[in-house]
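Below, each chain spelled out in residue letters.
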Amino acid sequence: METFNQKTEILLANHPYLKAAEKGLLTIGQRRAFAQEQYAIQLSDATSFARLAGHSDFTPSSLSNVKTPEPIITPADGSTDLFQFLLGGEVFASSLLLDYATGVGLDENDLSSYQPCHKAQLYPTYWSHMSLSNKRAAGAAACAVNFTAWGGMCRRLYEALRKTELNYGYTSDENEIDSGLAFVNFFATPIDGLDQMAAAIIEEENASYEDIVEHVKMLQKYEVMFWDSIFETGEGVKL
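In this text the structure is predicted, and so the values were computed from the model without any measurement. (Residues numbered from 1 in each chain as written. Predicted model: local features only at pLDDT ≥ 70, side-chain atom pairs only at ≥ 80, totals over all residues. Heavy atoms only, no water.)

S.K.: Where do I start with unusual backbone geometry in this structure?
M.R.: With the exception of glycine, the majority of residues adopt a negative phi angle, and the majority of peptide bonds are in the trans configuration. The backbone of Asn134 sits at a positive phi, close to 55°, despite the residue not being glycine. Position of Asn134 among the secondary structure elements: in the loop between α6 (122-132) and α7 (136-161). You can call Asn134 partly exposed: its relative accessible area is 46%. Despite not being glycine, Asn167 has its phi angle at roughly 60°, a positive value. Of note, Asn167 is situated in the loop between α7 and α8 (182-188). Classification of Asn167 by relative accessible area gives exposed; the value is 66%. (Helix = DSSP H or I, 4+ residues; strand = E, 2+ residues; numbered from the N terminus. Buried < 20%, exposed > 50% of the residue type's maximum accessible area, 1.4 Å probe, protein only.)

S.K.: What's the story with the nonpolar core in this structure? I'm lost.
M.R.: When a protein is soluble and globular, its nonpolar side chains tend to lie buried together. Among the nonpolar cores identified, the biggest contains 43 residues, and Phe34, Tyr100, Leu157, Phe183 and Trp227 are the most heavily contacted of them. Listing elements by their share of this core, those giving two or more residues are α2 (16-22), α3 (28-52), α4 (82-103), α7, α8 and α10 (209-233). Per-element accounting of this core gives the leading share, 8 residues, to α7. Among residues more than four places away in sequence, those in contact with Leu157 are Tyr17, Leu18, Ala21, Leu26, Phe34, Val184 and Trp227. Grouped together as the second largest cluster of nonpolar side chains are 33 residues, Ala137, Ala140, Leu219 and Tyr222 included. (Core = buried A, V, L, I, M, F, W, Y, C linked by side-chain atoms within 4.5 Å. Contact = heavy atoms within 4.5 Å.)

S.K.: What is the right way to look at the environment of Ser179 in this model?
M.R.: Mapped onto the elements of the fold, Ser179 is located in the loop between α7 and α8. On the accessibility criterion, Ser179 (47% relative accessible area) is partly exposed. In this structure, the C-alpha to C-alpha distance between Ser179 and Tyr100, residues 79 residues apart in sequence, is 7.2 Å.

S.K.: Mind showing me how you'd approach the pattern of salt bridges here?
M.R.: Scanning all chains against the criterion turns up 7 salt bridges. Here Asp81 makes a salt bridge to Arg136, at a shortest N to O gap of 2.7 Å. Linking Asp81 in the loop between α3 and α4 with Arg136 in helix α7, this pair joins segments that are 55 residues apart in sequence. One salt bridge in this structure joins Glu205 and Arg136, with 3.9 Å as the shortest N-O distance. Placement of the pair is Glu205 in helix α9 (residues 194-205) and Arg136 in helix α7, with a sequence separation of 69 residues. (Salt bridge = Lys/Arg side-chain N within 4 Å of Asp/Glu carboxyl O.)

Next comes the structure, spelled out in C-alpha cells:
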C-alpha cells in the first residue's frame, strides 16, 4: 500500500467527525453540514462523471427529477462504463440526500441557497479539473482507491447514527433502513465490480503509474479535508 494512502486511512479512521458521531456528540450543525456540502458535491460530481462518460451537454442546475442519459461509451466487453455507472448512482442518490436533509430540518431550498465551504469543495473541484482534461484513467484509479475510503466513512457514520441509544432520532430496525439514513447507507454499500470497471479503463488508456498517482493522492487529501470541513463548520468555524 502507498504511504500516502496509509496516512489517509489513519486520518480517516481517527477522524473527529466519526469519533463524535460514535459517542453521540455530533451536533445538528455538523449533521446539517454533511447534507449542505454533499448537495453541492453531488451536482458537481455528477457533471464531472457525465463529462468523463461522454455527456458534455449534461449541465443541470439540480439533480432533482433529472434522468440519467443513455450511454455513449460502451466497453469492448459490453459492460457498463465506470463513469456512466457513477453518474447513474449520483442521480439516484440525489433524492436520498433530500430525505437525509429533511431529517435534520432542511429542504432543497435550504441546500441550494447554502454557500458551500471552499475546503469541503476541493474534492469535487479536482474531479471537475480531471473531467475537463478527460483524465479517465486517473479518475478510474482514484475511484478504486477513494470510493473505498468514502464508503468506509459512510458505513461508520451510518452505524453510529442508527443507534437508538445515541439519540439521533433514527430507527434501528435491522430489516428496514430509516429513510433519513438511506443516503449514507447507499454510499456505505460496496460497489460490485468497481475494481474491474476501473482496471478496464486504465488498461484501455494504457496509463502508467506516473500518469495516475498524483491524481489519486490529491483526491485522498481532499477526502480528508471534506470531513475536516464539515466537522469544523458544524462547530461554527467556516474555512
